[in-house]
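# Examining the three-dimensional arrangement
Listed below, chain by chain, are the residues.
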Amino acid sequence: MDRGDGRTKYVLRGEGAGSVFVIDEKTGNIHVTKPLDREEKDEYRLIATATDSQTERALEPSSQFIIRVQDINDNPPVFEDGPYSATVPEMANIGTSIIQVTASDADDPTYGNSARLVYTLVQGQSHFSMDPQTGILRTAVPDLDREAQDLYLVVLQAKDMGGHLGGLSGTTTITVRLTDVNDNPPRFVQSE
């Protein structure tokens, strides 16, 4: 409460007072001094007091308030366990589940779509499919033959913002090795 006589001085205390936040002693306006990062600290609890500049006594009860840092999409998805390896039997049925991968995003999942991930294949679409919500890799063809090719390198991407334009992305690889099944009959070799 400024009485208009120039004797009111505003004081700020609490988390980040004097370093992250400063108060104009004459007007009571609070300013931030540096960029805030929600992933570092998501809220600050502060106390502002209007005092008499000569006696330092409070002119009214202090005001307590919380400054909540609003998130922006500033973190890409990360596959913390990648790159991955998996096996699947050759000649497995279409839709056979091979592996589930998971990416994480440090952005706030409760605010907007910044942390809503969508999974897609970047390489390997001709033999495999990816569930965009769950990150489960599946076979897309029934005739994966180990004798023809026993190893596949699949590249996949997780994109935040629900996959929409402007989203950030991260990639990883899955090495898929085909395991043998008994699909070749024995053959007799004619001796000379």
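Residues numbered from 1 in each chain as written. Predicted model: local features only at pLDDT ≥ 70, side-chain atom pairs only at ≥ 80, totals over all residues. Heavy atoms only, no water.

### Examining the pattern of salt bridges
One pass over the structure, following the stated rule, counts 9 salt bridges. Residues E56 and K9 are paired through a salt bridge, measuring 3.9 Å at the closest nitrogen-oxygen approach. Of this pair, E56 sits in the loop between β4 (43-52) and β5 (63-68) while K9 sits in strand β1 (residues 8-14), and the two are 47 residues apart along the sequence. Taking relative accessible area as the criterion, E56 reaches 47% and is therefore assigned partly exposed. We classify K9 as partly exposed; its relative accessible area is 22%. Here E15 and K41 are joined by a salt bridge, their closest N and O atoms 3.3 Å apart. With E15 in the loop between β1 and β2 (21-23) and K41 in the loop between β3 (30-32) and β4, this pair connects stretches of sequence that are 26 residues apart. Connected via shared salt-bridge partners are R38, E39 and D71. (Salt bridge = Lys/Arg side-chain N within 4 Å of Asp/Glu carboxyl O. Helix = DSSP H or I, 4+ residues; strand = E, 2+ residues; numbered from the N terminus. Buried < 20%, exposed > 50% of the residue type's maximum accessible area, 1.4 Å probe, protein only.)

### Digging into the packing of aromatic side chains
Going through the model one piece at a time under the given rule, you end up with 4 aromatic pairs. On the basis of an interplanar angle of 90° and a centroid distance of 6.5 Å, the ring pair of F79 and Y84 is categorised as edge-to-face. As far as the burial class goes, F79 and Y84 line up, both buried. Seen in terms of ring centroids, F128 and Y152 are 5.5 Å apart; in terms of plane orientation they differ by 80°. Their pairing is edge-to-face. One end of the pair, F128, is in strand β9 (residues 128-130); the other, Y152, is in strand β11 (residues 151-159), and 24 residues separate them in sequence. Cluster of aromatic residues (ring-pair linked, three or more members): F79, Y84 and Y119. Above the plane of the ring of Y44 lies K41, whose end atom (NZ or CZ) is 5.3 Å from the centre. (Phe/Tyr/Trp six-rings, centres within 6.5 Å; stacked < 30°, edge-to-face > 60°. Lys NZ or Arg CZ within 6 Å of the ring centre and 35° of its normal.)

Keep in mind that these numbers describe shape and distance, not what the molecule does.
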